[in-house]
Amino acid sequence: MYDSSFHPADSNLVLRDDQAEFHAVLDEVRACRRRGVRLRLIDGGTLSVLELERLAAAGADLFTSDKTGRSPDDLFILNKAARKVGGTVAHFHYGSLEESAESAFSMNALRAAVRDGVVLFLSNKAAARRTTDLVVLAEEARSAGSRLGYYHHGPIDPGFQELARRGAWIHVNPSPEEESELAAGLMSLAETAAAAGGGLVVHLDRAFSEAACVDLLESGAYLLFRTPPSDYRSPLRSIEERAARRRLDPRASYLYSEFMR
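Rules used throughout
Residues numbered from 1 in each chain as written. Predicted model: local features only at pLDDT ≥ 70, side-chain atom pairs only at ≥ 80, totals over all residues. Heavy atoms only, no water. Buried < 20%, exposed > 50% of the residue type's maximum accessible area, 1.4 Å probe, protein only. Helix = DSSP H or I, 4+ residues; strand = E, 2+ residues; numbered from the N terminus. Pairing = 2+ DSSP bridges. Right-handed = clockwise from strand over helix to strand, strands pointing away. Axes fitted to C-alpha atoms, helices over the stretch in contact; angles between N-to-C directions. Parallel < 35°, antiparallel > 145°, perpendicular 65-115°, else oblique. Left-handed = near helix turned anticlockwise from the far one by under 90°. Contact = heavy atoms within 4.5 Å. Nonpolar A, V, L, I, M, F, W, Y, C, P; charged D, E, K, R; others polar. pLDDT = per-residue confidence, 0-100. Core = buried A, V, L, I, M, F, W, Y, C linked by side-chain atoms within 4.5 Å. Phe/Tyr/Trp six-rings, centres within 6.5 Å; stacked < 30°, edge-to-face > 60°. Lys NZ or Arg CZ within 6 Å of the ring centre and 35° of its normal. Expected span 1.5 Å × (residues − 1). Polar contact = N/O pair within 3.5 Å; in protein donor to acceptor, adjacent residues only side chain to side chain.

Along strand β3 (residues 61-65), five of the five residues are buried, which leaves the element largely enclosed by surrounding structure. Strand direction decides the pairing type here: strand β2 (residues 39-42) and β3, joined by three bridges, are parallel. Within the sheet, the bridge partner assigned to L41 lies in β3 and is L62. Taking the sense of rotation as the criterion, the β-α-β connection linking β2, helix α2 (residues 49-58) and β3 turns out right-handed. As defined by bridge partners, β3 adjoins strand β4 (residues 89-93) across four bridges and the pair is classed as parallel.

So this is what it looks like as structure tokens:
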């Protein structure tokens, strides 16, 4: 189950498993815990499951993926250790959701993982996603007290309203050229997701108009400006500052909120 000690990245140390040997990482996990923060460990496949289990039991939050060679059973082991100390295991699934000899992480395996409390993230950047599958996973996550995080690239699917109703955190990166077509739909999506305990995160490589940005903020959307701050005389400057003050739920993003994975 999700625990409120799973803090945003800016309050915790982030470390890859290949940046130090096991006992040094373990010492750092314990030191972080004494300071009242958590070490967020990126699992790259360097450490054994037993070593990761010890780190989770010591208080590390683990960030793993289907690229590390872990199995669904490994996730259960790690999640069990993490939950005992209020920790979290987050899994980013890059591959297909279909049954495959190349991957043990089928749709059914991921459903079982989120029911156990693993925080799941997906993207359609490398593999197509059916909205119906996302809706099922989002509902499983919400039932377990967690949330599904989804990074979407491309046109907004009308079916995302159902995804939003399941409390998913949906990340999108719309083009300002599509503002007139998208603004109303994004506002509706943000309101629906927020009401269900999730949210809409809008990544902006270039800002929408001042009016559209204000409308999105007031609908409950989170705006992440991936641009240098506007000039202090620009009306967008106050909007950027307002958006920056809004804190994302820690379940909304995988490690860093600003990345569209």
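This next bit is on the packing of helix α7 (residues 179-195) against helix α8 (residues 210-218). It is at 9 Å that the axes of α7 and α8 come closest, and there the two elements cross at 15°. Judged by the angle between their axes, α7 and α8 are roughly parallel. In this structure, α7 crosses over α8, and the sense of that crossing is left-handed. Contact with α7, carried on its side by E179, A183, L186 and M187, involves A212, D215 and L216 of α8 and no other residues of that element. Tallied by class, the residues present in the contact of α7 with α8 amount to five nonpolar, no polar and two charged.

This brings us to the confidence of the model for the protein chain. In the predicted model, the protein chain carries a mean pLDDT of 90, and 95% of its residues have values of at least 70. Looking at the elements of the protein chain, mean pLDDT is at its lowest for α7, recorded as 90, and at its highest for α2, recorded as 98. Contacts from residues 1-10, a stretch scored under 50 in pLDDT, to residues over four places away or in other chains number 32 contacts.

Before going further, it helps to examine the nonpolar core. Within the largest apolar cluster, 62 residues are counted, with the highest numbers of intra-cluster contacts made by L41, L55, L163, I170 and L200. With residues up to four places along the chain from it excluded, the contact list for L55 reads F22, V25, L26, V29, L41, L47 and A60.

For α2, the full list of buried residues reads V49, L52, L55, A56 and A58. Contacts made by the buried residues of α2 are with α1 (22-34), β2, β3 and α3 (72-83). G59 sits one or two positions beyond α2 and adopts a positive phi of about 120°.

With that out of the way, let us pick up the packing of aromatic side chains. If you walk through the whole model with that rule in mind, you get eight aromatic pairs. Taking 5.5 Å as the distance between ring centres and 75° as the angle between the ring planes, the aromatic pair formed by F121 and Y254 counts as edge-to-face. With a gap of 133 residues between them, F121 in strand β5 (residues 119-123) and Y254 in the segment after α9 (235-245) connect regions that are remote in the sequence. By relative accessible area, F121 is classed as buried at 0%. Seen in terms of ring centroids, Y150 and F160 are 5.9 Å apart; in terms of plane orientation they differ by 80°. Their pairing is edge-to-face. Here Y150, found in strand β6 (residues 149-151), pairs with F160, found in helix α6 (residues 160-165); they are 10 residues apart in sequence, far enough to count as distant. Overall, Y150 belongs to the buried group, its relative accessible area being 1%. The residue whose ring lies beneath K67 is Y94, and the NZ or CZ to ring-centre distance is 4.0 Å. In this structure, R246 packs its charged tip against the face of Y222, placed 4.0 Å from the ring centre.

So, on to α1. Here α1 spans 19 Å end to end across 13 residues, near enough to the 18 Å set by a 1.5 Å rise per residue. Within the sequence span of α1, burial applies to F22, V25, L26, V29, A31 and C32. Looking at the buried side of α1, the elements it contacts are β1 (13-16), β2 and α2. Its side-chain oxygen 3.1 Å from the backbone nitrogen of H23, E21 forms the N-cap of α1. A positive backbone phi angle near 85° is found at G36, which sits one or two residues after α1.

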